[in-house]
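# Working through the structure, step by step
If you want the building blocks of each chain, they are given just below.
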Amino acid sequence: KAGVTQTPRYLIKTRGQQVTLSCSPISGHRSVSWYQQTPGQGLQFLFEYFSETQRNKGNFPGRFSGRQFSNSRSEMNVSTLELGDSALYLCASSLVQTNRGGEQFFGPGTRLTVL
Amino acid sequence: AQSVTQLDSHVSVSEGTPVLLRCNYSSSYSPSLFWYVQHPNKGLQLLLKYTSAATLVKGINGFEAEFKKSETSFHLTKPSAHMSDAAEYFCVVTLLNQAGTALIFGKGTTLSVSS
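Residues numbered from 1 in each chain as written. Chains lettered and ligands numbered in written order. Predicted model: local features only at pLDDT ≥ 70, side-chain atom pairs only at ≥ 80, totals over all residues. Heavy atoms only, no water.

### Here's the deal with the overall build of chain B
- Within chain B, the secondary structure is distributed over zero helices and twelve strands.
- For chain B, the α and β elements follow one another from N to C terminus as β-β-β-β-β-β-β-β-β-β-β-β.
- Referenced to the eigenvectors of the C-alpha coordinate spread, the extents of chain B come out at roughly 50 × 30 × 20 Å.
- When the accessible area of chain B is evaluated, it comes to approximately 5500 Å², of which 51% is carbon and sulfur surface.
- Between the centroid of the 8 positive side chains of chain B and the centroid of its 7 negative side chains there is a distance of 7 Å. (Helix = DSSP H or I, 4+ residues; strand = E, 2+ residues; numbered from the N terminus. Areas by Shrake-Rupley, 256 points an atom, 1.4 Å probe, with all protein chains shown as cover. Lys, Arg positive; Asp, Glu negative; His and termini not counted. Charge placed at Lys NZ, Arg CZ, Asp CG, Glu CD.)

Structure follows, in structure tokens:
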């Protein structure tokens, strides 16, 4: 069974631009969660989607948004990029929602660099 | 509020010696606890999880962790380190808020293994 895939793997943008990252979950998984990983803040939860609905959201500004499609694929969008948005963005999929104790399987991440 | 503290940012051991990675948590309810491992340029992988069943949890690659409620600890151990164990390890607790449930990651412990 194929794992979680994220595209693109690397991305370079400039301040003020916007970016869209994509995540394809493991087949059959309906929950997709997004995380930001930086050396200073570590791994921080962004949001979780299940059955095309956002189920939970972390403490990030409204510039960070996401959506999930009917095939469970998910996209994350960051508008008006700032230098501090440079990070590794990780996507994780699960059969069930996090509150049901579902094991999360992580993708390799997208490395975003903002210049 | 729920939180997790990894007591050591870096642990160095020799191959064949025991590994101890320490984690303390804070939770106002019975939490689910996890240990994840992240190898360089690879995605996060679940090592083991505690969800209120047996307090001694066995995971993959010979790792195990013991849930001690009285000490609010969930330390990760392995009897004999292998070179391939060198990686970053994350202790994770579930966070329950009004919006739902999310995973809260510790800052991570880098494990170095020397020959």
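Now that the structure has been shown, the text picks up again.
### Points about the state of the cysteines
Residues and elements named next belong to chain B.
- For the structure on display, the rule yields two disulfides over all chains.
- Between the sulfur atoms of Cys-23 and its disulfide mate Cys-91 the distance is 2.0 Å. In this structure, the disulfide formed by Cys-23 and Cys-91 twists by about -70° around the S-S bond and is classed as left-handed. Of this pair, Cys-23 sits in strand E4 (residues 23–26) while Cys-91 sits in strand E10 (residues 87–96), and the two are 68 residues apart along the sequence.
- When its relative accessible area of 0% is taken as the criterion, Cys-23 is described as buried. (Disulfide = S-S within 2.5 Å. Buried < 20%, exposed > 50% of the residue type's maximum accessible area, 1.4 Å probe, protein only.)

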